[in-house]
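The lines below spell out each chain.
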Amino acid sequence: MQTNPVIKLAEIHKVYHTGEVDVHAVRGITLEIFPGEFVALMGASGSGKSTLMNMIGALDRPTGGNYLLDGIDVSTLDRDALADVRNEKIGFVFQGFNLLSRTSALENVEMPMLYHRHRIHSREQRERAMHALELVGLGSRADHHPNQLSGGQQQRVAIARALVNQPSLLLADEPTGNLDSQTSIEIMGVFQKLNDQGITIVMVTHELDIARYTRRNVILRDGVIVSDTAVASRLNAEMELQQLRAAQQAVKLAS
Amino acid sequence: MRIFASLKIAGRALRRNKMRSLLTMLGIIIGVGAVIGSVSLTTGATKQVEDQVASLGENVVTVFSGNFTSGAMRGGWGSAPTLTVEDAKAIAQLPHVLAVSPEVRDREQILANGLNWNTQVMGESPDYPQIVNRTITSGSMFSDQDVRSLAKSAIVGKTVVDQLFPGENPLGETLRIRNIPFQIVGVLTPKGFNLFGQDQDDIVIVPYTSHMHRITTRTFLNDILVEASSDKDIVQAQNEITDLLTTRHRSKEPDFTVRNQADLMQRVSESSRTMGFLLAGVAAVSLIVGGIGIMNIMLVSVTERTREIGIRMAVGARGADILVQFLIEAVTLSAIGGSIGIASGMTFSWLIASLKDWPTVTPSLWIVIAFISSTIVGIISGFYPAWKASKLDPIDALRYE
């Protein structure tokens, strides 16, 4: 590929100084992710994938190495600059959805725009939030509160929130961890649709079958990359869903 | 700074916890309410006293004759015969003097209508009502001509009328003072008791010349009432009088005293200032207590909303955004609490005023002070929790359960 990478990690290290023992969570990771990629970061717990995810997400700074996000050297930025990078360049999707309770879906989606460096007019905020919700198929649920939505719908709201500032990177940390298998496939369908539109997605997961919906699997162990392969037989969420529904229908007819 | 957004977020957060917000505000509400209420009541009372003092005649300067000393016995002010009618006439010529009334006083047993009554008989000039802020209800004041002719005219107060002419019109009737018949030419508008508990309507006023030559035969005055040309000129008038009398009396020691109503006024305002300091102390204590309540709740709120703070930081909120959000919440709580306190304090004092018929005045300065200080309390008590929130690590905050 000729284009510049969205993520360019060079010899990234992260050492936690906790008590007497230094924990070397990430030990020299070099990785490039290009626009339009859909990457699954995989590994067992303790493999350093969450630490790596936090650094990619500009929530944390590496203790060694360089990290260029969209050409910006994130490893040297201060707290406020990191906050701005998160706001403009990165959209987060979490395992636990992390929506604000007692706040409507629309207001949840509007939230990142409140912290934009340039003030966005409230009417524009509303329009963009509405558009993002429609993109994930929840346009009709804009005024619902999280407790009135199913897990899958909540995760869609979270995805809409992640997209609303048009980031160069969508980061998902175990996005299907709290969902049943059918809803998981639905969410992967949303991600695949977004990826088809050119959005770069990096997803942390430990579920192999979920990783098969992505285009590239990076496997970590003990803070280093042990495998980096393109997905050979990529699953299509829409087709899987159709099969699943047909199977359910068959069960119903049989009984 | 994204103040507007923070304001919106804070408003939402407070509305979400209505009961808690109200209880948090209660400390401030009660504190501010109590202060505004008591300030209104004391200011009203002070104002009433000040009005009474003012009604004695605000621009009045009184000249007392010196004290009389005989051997080891010393008389009080006015006991020494040093002030003369000529002194009074000379004072009347001074530039900052508007009116003068030479005053002679005596208690006399008076007779009329077959009844008798012991009362204060005062010799005054026709300017007397103007100087002491009194008016004549019926009839009219005696004139300068009456003074010159030692007229046997008298003005009476309401108490005297009630005692000697119960239920009758005293105008034109005759009154005997030391068996000398005086004709009643006017009745004073009732004024009630003064600050010292004296009945200001229990008097008979006659021309000072008549008093000095017909009733008592004396050549010296008890005192001289002087009205300065304006309240700003009181001190100047006082100095002029002192200089004039010092030259006229050619005495080494001043044998007279000059005093004004402003002295009394000053004493009244001094006591109200003491009251003000006391109230400010109470206010400070109650605001501190209210502030502690706000700080407590804000700390709870920050802990409770750690995850929310993490989410906000993850999507790009800076530390300053979080700080401002929580600070605004605290300030909103205290400012709304302060406003409710002001309103309830005013309502309370108004209720007292209408039930008990006490005068109440809520000074706008205190309203401003109450509002500003409750806002400042919000800033101070909200700062630490807000600062704590802004220093959270986004990763830890997101993981917080």
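Residues numbered from 1 in each chain as written. Chains lettered and ligands numbered in written order. Predicted model: local features only at pLDDT ≥ 70, side-chain atom pairs only at ≥ 80, totals over all residues. Heavy atoms only, no water.

*Asks:* Explain the overall build of chain B to me, please; I cannot follow it from the model alone.
*Replies:* Along chain B, the regular secondary structure elements total 13 helices and 12 strands. Taken over C-alpha atoms, the radius of gyration comes to 34 Å for chain B, far larger than the 21 Å a tight globule of 401 residues would show. Here the C-alpha coordinates of chain B stretch approximately 105 × 55 × 40 Å along the principal axes. By sequence separation, contacts in chain B at least 24 residues apart represent 78% of the contacts at least 6 residues apart. Counting every atom, chain B has about 19400 Å² of accessible surface; 60% of that belongs to carbon and sulfur. Positive and negative side-chain charges in chain B, numbering 36 and 36 respectively, have mean positions lying 11 Å apart. (Helix = DSSP H or I, 4+ residues; strand = E, 2+ residues; numbered from the N terminus. Rg over C-alpha atoms; globule rule 2.2 N^0.38 Å. Contact = heavy atoms within 4.5 Å. Areas by Shrake-Rupley, 256 points an atom, 1.4 Å probe, with all protein chains shown as cover. Lys, Arg positive; Asp, Glu negative; His and termini not counted. Charge placed at Lys NZ, Arg CZ, Asp CG, Glu CD.)

*Asks:* It is not clear to me how the interface of chain B and chain A should be interpreted in this structure. Could you clarify?
*Replies:* Interfaces are often sized by the accessible area lost when the parts come together. Listed by partner, the interface residues are 28 residues for chain B and 27 residues for chain A. With both chains or domains summed, chain B and chain A bury close to 2400 Å², and 54% of this area falls on carbon and sulfur atoms. Taken together, the links from chain B to chain A amount to 2 salt bridges. One can count 10 residue pairs in polar contact (both at pLDDT 80 or more) joining chain B with chain A. Of all elements in the fold, only helix 1 (3–16), helix 10 (306–314), helix 11 (319–356) and helix 13 (394–399) of chain B reach the threshold of two or more residues within the side of chain B that touches chain A. Here the residues of the side of chain B that touches chain A sort into 12 nonpolar, 5 polar and 11 charged. (Buried area = accessible area lost by both parts, 1.4 Å probe. Salt bridge = Lys/Arg side-chain N within 4 Å of Asp/Glu carboxyl O. Polar contact = N/O pair within 3.5 Å; in protein donor to acceptor, adjacent residues only side chain to side chain. Nonpolar A, V, L, I, M, F, W, Y, C, P; charged D, E, K, R; others polar.)

*Asks:* Please clarify how the pattern of salt bridges should be interpreted in this entry.
*Replies:* When the charged atoms of two side chains with opposite charge come close together, those side chains can pair. All names here are of chain B. All told, the structure shown has 23 salt bridges over all chains when counted by the stated rule. Here Arg178 makes a salt bridge to Asp106, at a shortest N to O gap of 3.9 Å. Within this pair, whereas Arg178 is found in the loop between strand 8 (174–177) and strand 9 (180–188), its partner Asp106 is found in strand 4 (residues 97–112), the two being separated by 72 residues in sequence. Owing to a relative accessible area of 18%, Asp106 belongs among the buried residues under this scheme. Lys158 is the salt-bridge partner of Asp162, the closest N and O atoms lying 3.0 Å from each other. Note that Asp162 and Lys158 are positioned in helix 6 (residues 158–164) at a spacing of 4 residues, about one turn of the helix. Accessibility expressed as a relative area gives 41% for Asp162, which makes it partly exposed. Connected through salt bridges with shared partners, the residues Arg305, Glu308, Arg312 and Glu329 form a single ionic network. (Buried < 20%, exposed > 50% of the residue type's maximum accessible area, 1.4 Å probe, protein only.)

*Asks:* Is there a simple way to explain the environment of Ile203(B) in this structure?
*Replies:* Residue and element names in this part refer to chain B. By the element assignment, Ile203 lies in strand 10 (residues 203–207). Taking C-alpha positions, Ile203 is 14 Å from Ser153, a pair spaced 50 residues apart along the chain. The contacts of Ile203, once residues within four sequence positions are left out, are Thr119, Gln120, Met122, Arg134, Ile155, Val156, Gly157, Val160 and Leu188.

*Asks:* Can you walk me through the nonpolar core in this structure?
*Replies:* Inside soluble globular proteins, nonpolar side chains tend to come together where they are buried. Residue and element names in this part refer to chain A. Among the nonpolar cores identified, the biggest contains 71 residues, and Ile7, Leu9, Leu41, Ile56 and Leu69 are the most heavily contacted of them. Leave out the neighbours within four places in its chain, and Leu69 touches Val6, Ile7, Val74, Val85, Lys89, Ile90 and Leu169. In this structure, Val109, Leu133, Val164 and Ile187 belong to the second largest nonpolar core, which totals 39 residues. (Core = buried A, V, L, I, M, F, W, Y, C linked by side-chain atoms within 4.5 Å.)

*Asks:* Looking at this model, I keep getting lost on the packing of aromatic side chains. Mind explaining?
*Replies:* How two aromatic rings sit relative to each other is given by the distance of their centres and the angle of their planes. Residues and elements named next belong to chain A. In total, this model carries 2 aromatic pairs over all chains according to the counting rule given. A ring pair is formed by Phe38 and Phe191, whose centres lie 6.3 Å apart and whose planes are at 65°; its orientation type is edge-to-face. Pair noted here: Phe38 is in strand 3 (residues 38–42) and Phe191 is in helix 6 (residues 181–196), with a separation of 153 residues, a long-range link. Residue class for Phe38 comes out buried when judged on its relative accessible area of 0%. For the ring pair Phe92 and Phe94, a centre distance of 5.6 Å and an interplane angle of 5° mean the geometry is stacked. On the basis of relative accessibility, which here comes to 8%, the residue Phe92 falls in the buried class. (Phe/Tyr/Trp six-rings, centres within 6.5 Å; stacked < 30°, edge-to-face > 60°.)

*Asks:* Any chance you could explain helix 3 (residues 105–114) of chain A here in plain terms?
*Replies:* Note that an α-helix has 3.6 residues per turn; residues three or four places apart therefore point the same way. Of all 10 residues in helix 3 of chain A, 9 are buried, a share of seventy percent or more. Among the residues of helix 3 of chain A, those classed as buried are Ala105(A), Leu106(A), Asn108(A), Val109(A), Glu110(A), Met111(A), Pro112(A), Met113(A) and Leu114(A). For helix 3 of chain A, the secondary structure elements touched by its buried residues are helix 2 (79–89), helix 4 (122–135) and helix 5 (151–163) of chain A together with helix 1 and helix 10 of chain B.

*Asks:* Where do I start with the packing of helix 10 of chain B against helix 11 of chain B in this structure?
*Replies:* Working note: a packed helix pair is described by the angle between its axes plus the distance between those axes. All names here are of chain B. One way to put it is that helix 10 packs onto helix 11 with a least axis distance of 10 Å and a crossing angle of 140°. Compared by their axis directions, helix 10 and helix 11 come out oblique. Crossing angle aside, the handedness with which helix 10 passes helix 11 is right-handed. Residue-level inspection shows Glu308, Ile309, Arg312 and Met313 of helix 10 in contact with helix 11, the latter providing Ile322, Gln325 and Phe326. (Axes fitted to C-alpha atoms, helices over the stretch in contact; angles between N-to-C directions. Parallel < 35°, antiparallel > 145°, perpendicular 65-115°, else oblique. Left-handed = near helix turned anticlockwise from the far one by under 90°.)

*Asks:* What is the right way to look at the sheet that holds strand 4 (residues 64–69) of chain A in this model?
*Replies:* Residues and elements named next belong to chain A. The 4 strands are arranged 2-1-4-5 in an open sheet whose pairing can be described as antiparallel. Edge positions in the open sheet fall to strand 2 (21–33) and strand 5 (72–73), since each of these has one partner strand only. Contacts from helix 1 (residues 49–56) reach strand 1 (7–18), strand 2 and strand 4 within the one sheet, and its direction differs from that of strand 1 by about 120°. (Pairing = 2+ DSSP bridges.)

*Asks:* What is the right way to look at the sheet that holds strand 6 (residues 90–93) of chain A in this model?
*Replies:* Paired through their backbone hydrogen bonds, the strands of a sheet run either parallel or antiparallel. All names here are of chain A. Taken in spatial order, the 6 strands make up an open sheet running 6-7-8-3-9-10, and their pairing is mixed. Lying at the two open borders of the sheet, with one neighbouring strand each, are strand 6 and strand 10 (224–230). Here the average twist between neighbouring strands, direction ignored, is 20°. Where strand 3 meets strand 9 (residues 216–221), 4 bridges bridge the pair, whose relative direction is parallel. In the sheet register, Leu41 faces strand 9, and the bridge partner there is Val218.

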